[in-house]
Amino acid sequence: MASRRKFLQTAALGSAAALSGTNIIARDKKIYAIKDNPVVVSTWGFGQKANAGAWEILSKGGRALDAVEAGVKIPEADPTNQTIGLGGLPDRDGYVTLDACIMDENYNCGSVMCLEHIVHAISVARLVMEKTPHIVLAGDGALQFALANGFKKENLLTPESEKAWKEWLKTSNYHPEINVENRLYDKNKDPMPGGPSNHDTIGMMAMDANGNLSGACTTSGLAYKIHGRVGDSPIIGAGLYVDNEVGAATSTGVGEEVIRIVGSHLVVELMRQGKSPEDACREAVERIVKRNPEKSKDIQVGFVALNKRGEYGGYSLQPGFVYAVTGKTINKIFPSKSFYK
């Protein structure tokens, strides 16, 4: 019986390789990865523009790590994007503080938290990974490290974001909104929530032509947060996780709820158990609902995942979360399914 099962497994793997015509790597007689199938996946519709930057590298056979860094640097430098990098909405004291992390195919990772005055937080996070024995640098220490490595100190608070902050000060009503990415949503300008004029944290994952994965996540965090607040985005395992044997996942929304379940790591582990990217994301969202059903009705959290076969999927608490996918034959924005309809 055991010999027959082994024969069927080997035959199935051979048939899959023959049908697909791609270079499939076998590990322990299981499909481990598909080569020559680069793809990049990111949160929100504006991620499509970021994906284009990543695809420039992936399409030429470049490394996934270089691709995700280049991709998320695009929204970091966009002053009209009020939740990432330059132009991000400040905390309640008027300071723009950035959080970012990056992770490669070898479990190497770097992170910065509460970083001020530096546009490309993701690049500082990469240098933390590559130049120090640490994973996380925070606050003034992160800034000193960035300046010592040639980064330019800049004022990240644009006139538009300063105006919005001063308007908020009139009431100082702090309440995280469902789909904060829709704060500036204008149906006359954007085809869907998450379009060019409204957005949230960007999380990005890529698989390169060698079948290796990397990921990046960067944000200015919740608008008008308490000074010093850190969400899930720069926390390895919460806002981002990459396991090159299985897949990668990233999150968006109210980071505190993602941290409580170590969300991105959970999604990857569920994929390790054989779940599809979408089903893994769905189960993580359901974990948040189970933990606090009433609170989950009033917040948004979304996950998106990419596995080693190049399959992707997302799931969120509330409707409105979308994700962008770019590859050899695809360049599309997908609306995710949601727990609450």
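Worth saying up front: this structure is predicted, and the values here are computed from it rather than measured.

A. Quick look at the confidence of the model for the protein chain. Taken residue by residue, the protein chain gives an average pLDDT of 87. The fraction at 70 or more is 82%. Counting interchain partners and residues more than four positions distant, the pLDDT-below-50 stretch residues 7-31 has 27 contacts. Taken as a whole, residues 189-199 scores under 50 in pLDDT and shows 34 contacts with residues more than four places along the chain or in a different chain.

B. Focus on helix α4 (residues 121-131). The element α4 is largely enclosed, with a buried count of nine among its eleven residues. Considered for burial, the residues of α4 that qualify are A121, I122, S123, V124, A125, R126, L127, V128 and M129.

C. Structural detail: the sheet that holds strand β15 (residues 337-338). Ordered in space as β9-β10-β11-β12-β15, the five strands form an open sheet in which the pairing is mixed. With partners counted over all chains shown, the strands left at the sheet margins are β9 (240-243) and β15, one partner each. The sheet contact formed by strand β11 (residues 301-307) and strand β12 (residues 312-316) spans five bridges and is antiparallel. Pairing of L306 across the sheet is with Y312, part of β12. Of the strands in this sheet, β9, β10 (247-253) and β11 touch helix α8 (residues 263-272), which is tilted by about 145° from β10. Packed on one face of the sheet, helix α9 (residues 277-291) meets β11, β12 and β15 and runs near 20° to β12.

D. Fine view of empty space enclosed by the protein. Taken as a whole, this structure holds three cavities of 30 Å³ or more when the rule is applied. Surrounding the largest cavity, twelve residues form its lining, T201, G221, L222, R229 and G253 being those nearest its centre. Class assignment for the residues of the lining of the largest cavity results in one nonpolar, seven polar and four charged.

E. A look at the pattern of salt bridges. A full pass over the atoms with the stated rule returns 20 salt bridges. A salt bridge links E245 to R272, with the nearest nitrogen and oxygen atoms 4.0 Å apart. Taken together, the residues E245 in the loop between β9 and β10 and R272 in helix α8 connect sequence positions 27 residues apart. For E245, a relative accessible area of 37% gives the class partly exposed. For R272, a relative accessible area of 38% translates into the label partly exposed. With a closest N to O distance of 3.2 Å, E257 and R260 form a salt bridge. Taken as a pair, E257 and R260 lie in helix α7 (residues 255-260) at a separation of three residues, close to a single helical turn. A relative accessible area of 1% places E257 in the buried class. The exposure class assigned to R260 is partly exposed, which follows from its relative accessible area of 47%. Through salt bridges with shared partners, a single ionic network connects D66, E69, R126 and E130.

F. Unusual backbone geometry, seen in detail. A positive phi is found at Y224, a non-glycine position, where the angle reads about 65°. For Y224, the location among the structural elements is in the loop between β8 (213-219) and β9.

G. Looking closely at the sheet that holds strand β4 (residues 98-103). The eight strands are arranged β6-β5-β4-β8-β7-β3-β13-β14 in an open sheet whose pairing can be described as mixed. Each edge of the sheet is formed by a strand with only one pairing partner; in this case those strands are β6 (136-138) and β14 (331-335). In this sheet, neighbouring strand axes are inclined to one another by 10° on average, regardless of whether the strands run parallel or antiparallel. Pairing of strand β13 (residues 322-327) with β14 involves five bridges; the strand directions are antiparallel. Following the sheet pairing, Y323 is matched in β14 by F334.

H. How the structure looks around helix α5 (residues 139-148). Restricting attention to buried positions, one finds in α5 the residues A142, L143, F145 and A146. On an axial view of α5, the arc spanned by its buried residues comes to 160°, and they lie on one face. Structural note: α5 exposes D140, Q144 and A148 on the side pointing more than 90 degrees away from its buried face. If you follow the buried residues of α5, they end up packed against β5 (109-115), α4 and β6.

I. Focus on the nonpolar core. Residues V112 and F303 are the most contacted members of the largest nonpolar core, which totals 84 residues. Ranked by size, the runner-up nonpolar core spans five residues in total, among them W165, W168, A223 and Y224.

J. Structural detail: the packing of aromatic side chains. Per the counting criterion, the structure on display carries six aromatic pairs. For the pair W44 and F321, a centre-to-centre distance of 5.0 Å together with 80° between the ring planes defines the contact as edge-to-face. Of this pair, W44 sits in the loop between β3 (39-43) and α2 (47-58) while F321 sits in the loop between β12 and β13, and the two are 277 residues apart along the sequence. Centre to centre, the rings of Y312 and F334 are 5.7 Å apart; their planes meet at 50°, and the pair counts as tilted. Within this pair, whereas Y312 is found in strand β12, its partner F334 is found in strand β14, the two being separated by 22 residues in sequence. A residue is classified by how much of its surface remains accessible, and Y312, at 27% relative accessible area, is partly exposed.

The rules behind each value
- Residues numbered from 1 in each chain as written.
- Predicted model: local features only at pLDDT ≥ 70, side-chain atom pairs only at ≥ 80, totals over all residues.
- Heavy atoms only, no water.
- pLDDT = per-residue confidence, 0-100.
- Contact = heavy atoms within 4.5 Å.
- Buried < 20%, exposed > 50% of the residue type's maximum accessible area, 1.4 Å probe, protein only.
- Helix = DSSP H or I, 4+ residues; strand = E, 2+ residues; numbered from the N terminus.
- Pairing = 2+ DSSP bridges.
- Axes fitted to C-alpha atoms, helices over the stretch in contact; angles between N-to-C directions.
- 1 Å grid on protein atoms, 1.4 Å probe; cavity = no way out; pocket = protein on both sides within 12 Å on 5 of 7 lines; lining within 4 Å.
- Points joined across faces, edges and corners; volume = space filled by probe spheres on them.
- Nonpolar A, V, L, I, M, F, W, Y, C, P; charged D, E, K, R; others polar.
- Salt bridge = Lys/Arg side-chain N within 4 Å of Asp/Glu carboxyl O.
- Arc of directions from axis to C-beta.
- Core = buried A, V, L, I, M, F, W, Y, C linked by side-chain atoms within 4.5 Å.
- Phe/Tyr/Trp six-rings, centres within 6.5 Å; stacked < 30°, edge-to-face > 60°.

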